[in-house]
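Below are the chains, spelled out letter by letter.
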Amino acid sequence: MLITHDTRCALDTVVDLVNTMPEDESAPDGLPDVAGLQEFVGTHEISDVGVLSELDLSAVRKIRGRFAAVFAAPEARAAAGLINDLVAAAGTTPRLTDHDGYDWHIHYFAPGASVADHLAADCGMALAFFVVAGEQERLRRCEAPDCRRAFVDLSRNRSRRYCDSRTCGNRLHVAAYRARRKEAAR
């Protein structure tokens, strides 16, 4: 599957956005305030969003939950419905642009759109490409028991199981190794 630069950026953004969501009520929110949202926008180089407010923060948190539902969708039809709703609500307006040193690419949000509509349109379209390509199963959650972070499996054979093999994957492999050693010592 060919993934363009702007689609890859949108995928990275939506994964990071979903992963700001608290895993339970005791966990801190990864977007705690407007300053946190501003930092997220800056980190992901989200252009043309203007001055952010509490309304923007609330709207982004709302679409974050809707994106999380896409990663949890059991099959393509369910994911497609969720993505269609996100993109339609954003008032999608595709347009070609070449800004900030990047060659021609497509923005799906209308000029002057809110940051939430910007994210819903661009990230929603990036996820839509996966559904169209029959690759919805690549939108996953980490299989480590204590981690449910979202990720996009871009491995050739769709075999990635963990959000990060150096942390979650390695931790489980070490635990399995220790359990085998303990069992062998009995």
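What comes next concerns the included structure. Everything numeric in this text was worked out from a predicted model, so none of it was measured.

1. Structural notes on a nonpolar patch on the surface
Piece 1. Judged by side-chain polarity, Leu96, Trp104 and Ile106 come together as a nonpolar surface patch covering roughly 340 Å² of accessible area.
Piece 2. Within the secondary structure layout, isoleucine 106 lies in strand 2 (residues 105–107).
Piece 3. The partly exposed category is assigned to isoleucine 106, whose relative accessible area is 32%.

2. Section: the environment of glycine 169
Piece 1. Looking at the secondary structure, you find glycine 169 in helix 6 (residues 165–185).
Piece 2. The buried category is assigned to glycine 169, whose relative accessible area is 0%.
Piece 3. Linking glycine 169 and lysine 62, residues 107 residues apart in sequence, is a C-alpha distance of 30 Å.
Piece 4. Sequence-distant contacts of glycine 169, that is, excluding residues within four places in its chain, are made with Tyr162 and Asp164.

3. Examining the packing of helix 3 (residues 54–72) against helix 5 (residues 115–132)
Piece 1. Remark: helix 3 packs on helix 5, axes separated minimally by 9 Å, with the N-to-C direction vectors making an angle of 15°. The angle between the axes of helix 3 and helix 5 places the two elements in the roughly parallel class. Relative to helix 5, the crossing made by helix 3 is right-handed. On helix 5, the residues touching Asp56, Ala59, Val60, Ile63, Phe67, Val70 and Phe71 of helix 3 are Val115, Ala116, Leu119, Ala120, Cys123, Gly124 and Leu127.
Piece 2. Residues that form the contact of helix 3 with helix 5 fall into these classes: 12 nonpolar, one polar and one charged.

4. Observations concerning the nonpolar core
Piece 1. Judged by nonpolar contacts, the single largest core of 45 residues is most densely connected at Phe67, Phe71 and Leu127.
Piece 2. Counting only elements with at least two residues in this core, the list comes to helix 1 (5–18), helix 2 (34–43), helix 3, helix 4 (76–89), helix 5 and strand 4 (150–152).
Piece 3. Element by element, the count of residues in this core is highest for helix 5, at 12 residues.
Piece 4. What leucine 127 contacts, discounting residues up to four positions off in sequence, is Leu11, Val14, Phe67, Val70, Phe71, Ile83 and Leu139.

5. Remarks on unusual backbone geometry
Piece 1. Even without glycine at this site, glutamate 45 takes up a positive phi of about 50°.
Piece 2. Relative accessible area serves as the criterion here: at 58%, glutamate 45 is assigned to the exposed category.

6. Points about the pattern of salt bridges
Piece 1. Tallied over the full model, the rule gives eight salt bridges.
Piece 2. Across the pair glutamate 135 and arginine 158 runs a salt bridge whose closest N-O atoms are separated by 2.8 Å. Of this pair, glutamate 135 sits in the loop between helix 5 and strand 3 (139–141) while arginine 158 sits in the loop between strand 4 and helix 6, and the two are 23 residues apart along the sequence.
Piece 3. Look at the salt bridges and you will find they share partners, linking Glu135, Glu137, Arg138 and Arg158 into a network.

So, how was this worked out
Residues numbered from 1 in each chain as written. Predicted model: local features only at pLDDT ≥ 70, side-chain atom pairs only at ≥ 80, totals over all residues. Heavy atoms only, no water. Patch = residues over 30% accessible without salt bridge, like charges linked within 9 Å, V, L, I, M, F, W, Y side chains within 5 Å. Areas by Shrake-Rupley, 256 points an atom, 1.4 Å probe, with all protein chains shown as cover. Salt bridge = Lys/Arg side-chain N within 4 Å of Asp/Glu carboxyl O. Helix = DSSP H or I, 4+ residues; strand = E, 2+ residues; numbered from the N terminus. Buried < 20%, exposed > 50% of the residue type's maximum accessible area, 1.4 Å probe, protein only. Contact = heavy atoms within 4.5 Å. Axes fitted to C-alpha atoms, helices over the stretch in contact; angles between N-to-C directions. Parallel < 35°, antiparallel > 145°, perpendicular 65-115°, else oblique. Left-handed = near helix turned anticlockwise from the far one by under 90°. Nonpolar A, V, L, I, M, F, W, Y, C, P; charged D, E, K, R; others polar. Core = buried A, V, L, I, M, F, W, Y, C linked by side-chain atoms within 4.5 Å.

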